[in-house]
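# Architecture at a glance
Listed below are the residues making up each chain.
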Amino acid sequence: MPHSSRSSGSDKSSTDGDSVLPGLSQASIRNEVESMANIIRKERVTSSTTIAIAREASLVDLKRACNPPKKRPSVFRGSTPMPQIYLTTADSLQAAIDNLTLTDKVKTLNLIASPELLQLSFHVPSHFRELKVLRCASPGNQGVLLIDGSSTYHNVRLDEWQAHRHKRHRLVIGHERGVRISLGGQLATLHPHWSRARNEYTEVEKAQLRQQFERLPEKGPWDWNRVKGPVSVIMGIIMGAAKFTAGIAAKGAAGGMYVKYSFGLHAFELGVAGMKASVIATAAGSAVVVGVATMAAIYFIPWDSLFDYMKSAMSWLWDKICCIWSRFVGFVRSLWSSQDQSEKSTTAHGPSNPNVNYWG
């Protein structure tokens, strides 16, 4: 996934001059700046470096809103100056990370994203002991910021982070305000717990799959009570969970499925205490410390990726199900999709050249 500053909406063109990119109004920029500035100031502490990611047209106003008034030099010896805040677009985020000056005193990196951004991709070095990815959305905002699963921190892919123990590094995701890690097209190859080859089905499972598909109507109106059971069983067998909705805790959306899933054999050994400890408070709402005991729906699987995987996994049964496949896809989407959620259109793009601002 390319570094993208694609935004979640479009506005009428501004007539206030060249300071506003075509398609963005002053009201849109003001809302973006106001949503970000307070959170940026609160998360800015001496032990952290903060990179704020916004649309290009908002960077100047955001700098002005976040930059504190000049103070007289402290009379106390050894006083620690506040760390710099870097402003950039999502297109230029990696350049901002690569150009950071690393010091032993700063071990936390905050990536604070505009609510207008839909996706981010990045690679953060091992120097930082903590990485926080937050989205500056208001409570109740239904938007989502997708982090490309191939993004890395401490040389580990984020879509594999939960599969490992990390004693010296902590990944914090702003789950409450819509930050999610996308599994995308890597579902079958990266996650063997989900992946099942055609020769891994037992004869009993094969018989069950055939039986459940036969229960789905090829024509006519849907009987919801008749469809829900077979679809759940089929999904559970294919994805390797006895009860799909309980074991993987899926919740659908217009573009895909949000899931919480524990990797490995030690996923639950921390117990309830570990689960409680995995949630922390931030200026951008509650966040989740991603680890083996994380029990929050922090992963996102696009429908296309899910169905491509399922189609491959059931290739041995294709001659029996091809006539009903499109209907089955519709059943799954409907069964797990929330009707009150909708995808936001992608309309605005950031600059193609690095654009990083900072101040002390």
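Since the structure is predicted, the reported quantities are computational estimates derived from the model, not experimental observations.

Turning next to unusual backbone geometry. Within the chain, histidine 154 stands out as a residue other than glycine whose phi angle is a positive 55°. With respect to the element layout, histidine 154 can be found in the loop between strand E8 (152-153) and strand E9 (156-157). The phi angle at asparagine 155 is positive, at roughly 60°, despite the residue not being glycine. By secondary structure assignment, the location of asparagine 155 is in the loop between E8 and E9.

Let us now look at the pattern of salt bridges. Going through the model one piece at a time under the given rule, you end up with eight salt bridges. Between aspartate 61 and arginine 64 there is a salt bridge, with its nearest N and O atoms 2.8 Å apart. Pair noted here: aspartate 61 and arginine 64 are both in helix H2 (residues 59-66), with a separation of three residues, about one helical turn. Residue aspartate 61 is classed as partly exposed on the basis of its relative accessible area, which comes to 28%. Salt bridges sharing common partners tie together Glu32, Arg55 and Glu116.

A few words on the packing of helix H1 (residues 26-43) against H2. At a minimum axis separation of 9 Å, H1 and H2 run at an interaxial angle of 35°. Both H1 and H2 take part in a crossing whose hand is right-handed. Between H1 and H2, the contacting residues are Gln26, Ile29, Val33, Met36, Ala37, Ile40 and Arg41 on the first element and Asp61, Leu62, Ala65 and Cys66 on the second. Residue composition of the contact of H1 with H2, by class: eight nonpolar, one polar and two charged.

Viewed as axis vectors pointing N to C, helix H9 (residues 303-313) and helix H11 (residues 325-336) meet at an angle of 135°, and their least axial separation amounts to 12 Å. On the basis of the axis angle, H9 is oblique to H11. As H9 runs across H11, the sense of the crossing is right-handed. Between H9 and H11, the residues in contact are Trp303, Asp304, Phe307, Met310 and Lys311 and Trp325, Phe328, Val329, Val332, Arg333 and Trp336, respectively.

For the rest of this paragraph, the subject is the confidence of the model for the protein. Caution applies to low-pLDDT regions: their predicted coordinates should not be interpreted in detail. Averaged over every residue, the pLDDT of the protein is 75; residues scoring 70 or more account for 69%. Confidence drops under pLDDT 50 across residues 1-6; counting only partners more than four residues distant or on other chains, this segment forms 27 contacts. A low-confidence stretch, residues 338-360 stays under pLDDT 50, and its non-local contacts, those more than four residues away or across chains, total 71 contacts.

How each quantity is defined
Residue indices follow the written sequence of each chain, beginning from 1 at its first position. Whole-chain, interface and lining totals are the exception, using all residues; otherwise, since this is a predicted model, local features are given only for residues with pLDDT of at least 70 and side-chain atom pairs are given and counted only at 80 or more. Hydrogen atoms and water are omitted, and side-chain values are computed over all heavy atoms in the structure. Secondary structure follows DSSP: runs of H or I at least 4 residues long count as helices, runs of E at least 2 residues long count as strands, and numbering of each begins at the N terminus. Salt bridges, as used here, are contacts in which a Lys or Arg side-chain nitrogen is within 4 Å of a carboxyl oxygen on Asp or Glu. Here's how the labels work: a residue is buried when its accessible area is under 20% of the maximum for its type, exposed when over 50%, partly exposed in between, all with a 1.4 Å probe on protein chains only. Here, axes are lines fitted to C-alpha atoms. For helices the fit covers the stretch in contact, and angles between N-to-C directions go from 0 to 180 degrees. Here a crossing is taken to be left-handed if its near helix is turned anticlockwise relative to the far helix by less than a right angle, and right-handed if that turn runs clockwise. Working rule for contacts: check all heavy atoms of both residues, and any pair within 4.5 Å makes them a contact. Under the scheme applied, nonpolar residues are Ala, Val, Leu, Ile, Met, Phe, Trp, Tyr, Cys and Pro; charged residues are Asp, Glu, Lys and Arg; polar residues are all the others, including Gly. Note that the term roughly parallel is reserved for angles under 35 degrees, roughly antiparallel for angles over 145, roughly perpendicular for angles of 65 to 115, and oblique for everything else. Values of pLDDT, ranging from 0 to 100, describe the predictor's confidence in every residue of the model.

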